[in-house]
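Each chain is listed here by its residues.
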Amino acid sequence: MQTILTGVRVNEEPTLGNFLGAYTPMVNLSHEHAKTSNINFFVPDLHSFTTPIDHSKLYDQTIKGIKYYLAAGLDQNNPNLHVYRQSRVPAHSELAWILDCFTPFGEASRMTQFKEKGAEHPDAVTVGLFNYPILMAADILLYDAKYIPLGEDQFQHLELARNIATRMNNKFGEDLFTIPAPEKEQVKFMHLENGLRIRSLTEPTKKMSKSAENERSKILLCDDPKLAAKKIMSATTDSEGVIRFDMVNQPGISNLLVIESLLSNRDLQDVIADWSGQTSYGDLKHKVADSVMHFLSDFQERVNAISDADVEEILQKGEQYANEVANTKLRQVQKAVGLIK
Ligand code: ATP
Ligand code: MG
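Residues numbered from 1 in each chain as written. Chains lettered and ligands numbered in written order. Predicted model: local features only at pLDDT ≥ 70, side-chain atom pairs only at ≥ 80, totals over all residues. Heavy atoms only, no water.

A few words on the pattern of salt bridges. Tallying each qualifying case throughout the model produces 16 salt bridges. With its nearest N and O atoms 3.9 Å apart, the salt bridge here joins D54 to K57. By relative accessible area, K57 is classed as partly exposed at 46%. (Salt bridge = Lys/Arg side-chain N within 4 Å of Asp/Glu carboxyl O. Buried < 20%, exposed > 50% of the residue type's maximum accessible area, 1.4 Å probe, protein only.)

This is the structure:
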């Protein structure tokens, strides 16, 4: 049985970008492949403090993060669904160390997210921030996951995981790790043409990020729907004066068209055809603001209906499974590198 796996960090409140880029594809795939695949949706809680956070909130955010996964539409009754916390499966950290020693420093140094995040937090550039893509490789390789629904910003880290796995397979035998599918195949598997990148509302050349400091740049999944609508209404656009889908010259407007198509579940080309050539940016913003408001009201209602007991039950089951699978793989790797016989 193949494994589809993804995780969203809970360092901050997740955004609409996380929802559309990671939650939605995972939920869709979990239905499409319910009978034939393991669906591993985990909370990478050890990744949460690669940049500074408020640690007193982490635990509660983790539990809430799981409610978000479930509210996004996962079928809790699917026996192939596995929801777990990374920190409850020690094999992740143990494998990460081994993978560290098979990752050339130069290759890890090329990760653009490290450079970008390092520039955002110059006083807090830690070894953890540098190392996190290798822990991410362990998150994937422990479960022989082939498909990893994620946003475009994570493709470089996926490629790193593929390189590490290939290098170790060449040295220790082809059956050590399943190599995750390359970027193009991942995108096709998610039924997308390209990787998804929802843009910041205030600086639409950048992606929307939950750790961005400007609250107006991002729609949070916990935002009051009316406030979220206001953020859309004040989103940065351009002075062209005509609506066109053009990510280079009109990234703000194009971003709104993408959000509208995803939230209304309509083909992007149809949404573009509806709006192209119109001159009122305000009308488009009103439409998107309305869609965002409805989406958030429905989503938050579903989140509130999930109890802590529901979360505990699903974690207990998921973490037992994850430990069994991950420990089996870890033993295989420990054997390959000569730690055990
Ligand atoms: P941070 O700023 O803390 O890095 P983030 O918003 O980038 O937060 P991550 O936890 O790094 O979120 O990523 C979780 C998942 O969400 C990944 O699959 C990532 O590709 C996806 N994702 C993040 N931002 C976007 C976005 N703007 N558009 C589409 N997908 C996104
Ligand atoms: Mg990120």
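Once that is clear, we can look at the packing of helix α9 (residues 225-233) against helix α12 (residues 281-304). For the pair α9 and α12, the least separation of the axes is 8 Å and the interaxial angle reads 155°. Considering their axes alone, α9 and α12 lie roughly antiparallel with respect to each other. When the axes of α9 and α12 are compared, the crossing they make is right-handed. Across from P225, K226, A228, A229, I232 and M233 in α9, the residues of α12 making contact are G282, K285, H286, V288, A289, V292, M293, L296, S297 and Q300. Within the contact of α9 with α12, the residues separate by chemical class into 10 nonpolar, 4 polar and 2 charged. (Axes fitted to C-alpha atoms, helices over the stretch in contact; angles between N-to-C directions. Helix = DSSP H or I, 4+ residues; strand = E, 2+ residues; numbered from the N terminus. Parallel < 35°, antiparallel > 145°, perpendicular 65-115°, else oblique. Left-handed = near helix turned anticlockwise from the far one by under 90°. Contact = heavy atoms within 4.5 Å. Nonpolar A, V, L, I, M, F, W, Y, C, P; charged D, E, K, R; others polar.)

Okay, the domain arrangement of the protein next. Once the domains are mapped, the protein shows domain 1 (2-195 + 307-337) and domain 2 (215-303). Measuring from the centre of the C-alpha atoms in domain 1 to the corresponding centre in domain 2 gives 29 Å. Facing the 12 residues of domain 1 at the interface are 13 residues of domain 2. When domain 1 packs against domain 2, close to 1200 Å² is buried across both sides, 80% of that on carbon and sulfur atoms. Counting every contact that joins domain 1 to domain 2 gives 0 salt bridges. Linking domain 1 to domain 2 there are 3 residue pairs in polar contact (both at pLDDT 80 or more). Broken down by secondary-structure element, the contributors of at least two residues to the side of domain 1 that touches domain 2 are α1 (16-32) and α2 (58-71). (Domains from an automatic or database assignment. Buried area = accessible area lost by both parts, 1.4 Å probe. Polar contact = N/O pair within 3.5 Å; in protein donor to acceptor, adjacent residues only side chain to side chain.)

Before going further, it helps to spend a moment on the site of ligand 1. Near ligand 1, the surroundings consist of 20 residues, among which R9, K117, G151, K207 and S211 are the closest. K117 is positioned with one of its side-chain polar atoms (N or O) 2.6 Å from an oxygen atom of ligand 1. When residues in the shell around ligand 1 are grouped by element, the largest group, 4 residues, is from α1. Considering only residue class, the shell around ligand 1 consists of 6 nonpolar, 8 polar and 6 charged. (Near = heavy atom within 4 Å.)

This next bit is on unusual backbone geometry. Residue D144 is not a glycine yet carries a positive backbone phi of 55°. Judged by its relative accessible area of 26%, D144 falls in the partly exposed class.

This part covers the environment of S200. Within the fold, S200 resides in the loop between α8 (183-189) and α9. The spacing of S200 and A235 is 35 residues in sequence and 8.6 Å in space, taken between C-alpha atoms. Among all residues touching S200, those that are not within four sequence positions of it are K206, K207, M208, S217 and N255. Within the local environment of S200, its side chain forms a polar contact with the backbone nitrogen of E203, the two atoms lying 2.9 Å apart.

Attention now moves to the packing of helix α10 (residues 251-263) against helix α11 (residues 268-275). The N-to-C vectors of α10 and α11 enclose an angle of 125°; their axes lie 9 Å apart at closest approach. For the element pair α10 / α11, the angle class is oblique. As for the relative orientation of α10 and α11, their crossing is right-handed in sense. Contacts between α10 and α11 involve L257, V258, E260 and S261 on the former and, on the latter, L268, V271, I272 and W275. Tallied by class, the residues present in the contact of α10 with α11 amount to 6 nonpolar, 1 polar and 1 charged.

Tallied over the full model, the rule gives 14 aromatic pairs. Judged by centre distance (5.4 Å) and plane angle (35°), the rings of Y84 and Y143 are tilted. Pair noted here: Y84 is in strand β3 (residues 81-85) and Y143 is in the loop between α6 (127-141) and β4 (145-147), with a separation of 59 residues, a long-range link. Taken individually, Y84 and Y143 each receive the classification buried, so the pair is uniform in this respect. Taken together, F19, Y23, F41, Y68, Y69, F295 and F299 form an aromatic cluster joined through their ring pairs. Between R9 and the ring centre of Y132, over which it is positioned, the NZ or CZ distance is 5.7 Å. (Phe/Tyr/Trp six-rings, centres within 6.5 Å; stacked < 30°, edge-to-face > 60°. Lys NZ or Arg CZ within 6 Å of the ring centre and 35° of its normal.)

This part takes up the pairing of strand β1 (residues 2-7). Note that β1 and strand β2 (residues 37-43) share 6 bridges and pair parallel. When the sheet's bridge partners are listed, T6 is paired in β2 with F41. Between the parallel pair β1 and β2, the chain is carried across by α1, and the sense of this crossover is right-handed. As judged from the 2 bridges shared by β1 and β4, these two strands associate in the parallel manner. Its bridge partner being in β4, T3 is matched across the sheet by A145. (Pairing = 2+ DSSP bridges. Right-handed = clockwise from strand over helix to strand, strands pointing away.)

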